[in-house]
Number of protein chains: 2
Amino acid sequence: MEASALFRRHGYQATSTRQIAAAVGIRQPSLFHHFANKQAILEALFSLSLDNAVVVAERTANASGSAAARLHDYLVWDLETLLSLPLSLSELYSSDILRAPELAHWAAKLESLYLALEKLVRQGIEAGEFVATDPVLIRILIANVTIAHIQYADERPDRDPKKLARDGARFVLAGLSNMESAHLDELISGTRSR
Amino acid sequence: MEASALFRRHGYQATSTRQIAAAVGIRQPSLFHHFANKQAILEALFSLSLDNAVVVAERTANASGSAAARLHDYLVWDLETLLSLPLSLSELYSSDILRAPELAHWAAKLESLYLALEKLVRQGIEAGEFVATDPVLIRILIANVTIAHIQYADERPDRDPKKLARDGARFVLAGLSNMESAHLDELISGTRSR
DNA sequence: GTCTATATTTGGATAGAC
DNA sequence: GTCTATCCAAATATAGAC
C-alpha cells in the first residue's frame, strides 16, 4: 500500500527503497527480507490489480447478449474493485514501466485484458450499439477514464465507490453509445447478475 | 522534443541527461550549455503546452453563450493544438512532478486552467446542460480524456489531428450532457469562430 | 558549441550482528 | 525480522581545454 502511494506520486523509478522503508517504519535493508528486490514490490501490485481483471474481462467478452450491457457491467465491476482496493495504481498503468523486458509477463497479461476489451467494443460496433470509432482509441479512453476515477477517489476518499463506479461506467457508455439517453438509462438501470 | 518523448516513456526523474544528450547526438555535459539544468528542460515543455491554454480557457469561461458549446470549442482547440505539437506530454500531466516546490509556478498555472474549466462546467450544470456531477471529477475526466488522445496519437501518428480533436470533444460532451444526441449533434456541428 | 575528466550525491543491494 | 556498515553503479553538474 505505501509503495503504491509513493509510486503514484513520484513514479516507480523515482521512488527509492529508502522512501518505501521509511513509509512503513523500517530501515531500507530490512525491505529485502520481505521482497527479493525493488521490482518484486511492483510485481505484487500488478498481480493484485490485474489477475482477476483479465479473467473477468475475457469472460465478459466471450459471453452473449448486448455488448453495451456487458461493457457496462464490466466497467462497474472493475471500477468498484479498483476503488475499493487500498492501492494507488494510476501511475503504474499510465507510465511505460511495462515496456521493461523484465516485466514482459505483466505486459502480456495487460495486453490480454486490452484484447478482450477491444473484442467487446468491436461486437458493440458491429451490432450498431456503439459509434464506429477505432476500438484501440476506445480501449485507451476506457483505461484513462478508469485512471481518472482512481485519481478522483485519491483526492476525495469520502466518496462512495459504488456510486462512483456506476457514474464512471455511465460516462463511458454515453460517449460510446449510438442510442438515445432514455434507452441508455433503461439498459443501465437493470440489475444484472455477475 | 526528444526530451519529451523520453519523459513520456520513462518519466521525468527516470530519464537521465545522458539519454537526452544521446537522443540529440551530443555528450551529456554539452546539454548544460543550452539549459541551466535538467529542470529547465522540463519547464520549457510546460511553457509550450500551458501558456496559451490558460489564456484560452479563461477567456472561454468568461465568455457568454451555451456552456456546452463553449466547452466543446475549447476542447477542440486544446486537442488540436496538443496533437499538432511535436511533443509527448502525457507523462508530464499524469505524474505528480508538479508537486515539487521548485515547480510551484507551473502548478499554479495549471491550477488556473483547472479553475477556469470547473467554472465553465459549473455554468453548464446550472443551466441544466450538463448532468449534476462534481465539477472536480469532470475536470479530472477532461484531463484524462485529453491524455488518452495524446497517447493514441503517439501510437497512430497517421491519424488526422483535426478529426481526432472533434471526436474527443464529442466524447466528453456526450458523457457530460443532459440532452439527447440529436440536439448535441446540432450544437456541435455548427461552425463557430474562435 | 562540444569535448574529456571528474567532483559529488544518491540509489539498489549485500554482509553479518543481534 | 530488523539493524548498522558498506559496496558499487549511476546520475547531475562543474572545470577547463579546444
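Relevant structure appears above.
Note that the structure is a prediction, hence the values are computed from the model and not measured.

S.K.: Help me understand the protein's contact with DNA strand D in this model?
M.R.: The immediate surroundings of DNA strand D are formed by 15 residues, with Arg27(A), His33(A), His34(A), Thr17(B) and Arg18(B) found nearest. Counting only atoms of DNA strand D within 4 Å of the protein, the sugar-phosphate share comes to 57%. In this structure, a phosphate oxygen belonging to DNA strand D sits 2.4 Å away from a main-chain N or O atom of Arg27(A). Take Arg18(B): an N or O atom from its side chain is 3.2 Å from a base nitrogen of DNA strand D. Looking at the surface near DNA strand D residue by residue, the class counts come to four nonpolar, eight polar and three charged.

S.K.: Honestly, the environment of Ala132(A) in this entry has me stumped. Any pointers?
M.R.: With respect to the element layout, Ala132(A) can be found in the loop between helix H7 (104–126) and helix H8 (135–155). Note: C-alpha distance between Ala132(A) and Asn178(A) (46 residues apart in sequence) is 9.0 Å.

S.K.: Before we go on, may I ask you to explain the protein's contact with DNA strand C in this structure?
M.R.: Residues in close proximity to DNA strand C total 15 residues, the closest being Thr17(A), Gln28(A), Arg27(B), Ser30(B) and His34(B). One nitrogen or oxygen atom from the main chain of Thr15(A) is found 3.3 Å from a phosphate oxygen belonging to DNA strand C. Residue composition of the surface near DNA strand C, by class: four nonpolar, eight polar and three charged.

S.K.: Would you mind going over the relation of the copies chain A and chain B with me for this structure?
M.R.: Note: a rotation about an axis with an accompanying shift along it relates these two copies of the chain. Between chain A and chain B, which share one sequence, the superposing operator has a rotation angle of 180° and an axial displacement of 0.0 Å; the RMSD is 0.1 Å. The symmetry that links the two subunits is that of a two-fold axis. Most of the interface of chain A is mirrored in chain B, where 100% of its interface residues are also at the interface.

Thresholds, definitions, all that
Residues numbered from 1 in each chain as written. Chains lettered and ligands numbered in written order. Predicted model: local features only at pLDDT ≥ 70, side-chain atom pairs only at ≥ 80, totals over all residues. Heavy atoms only, no water. Near = heavy atom within 4 Å. Polar contact = N/O pair within 3.5 Å; in protein donor to acceptor, adjacent residues only side chain to side chain. Nonpolar A, V, L, I, M, F, W, Y, C, P; charged D, E, K, R; others polar. Helix = DSSP H or I, 4+ residues; strand = E, 2+ residues; numbered from the N terminus. Least-squares fit on C-alpha atoms with pLDDT ≥ 70 in both. Contact = heavy atoms within 4.5 Å.

In short, the description is geometric, and any link to function would need to be established separately.
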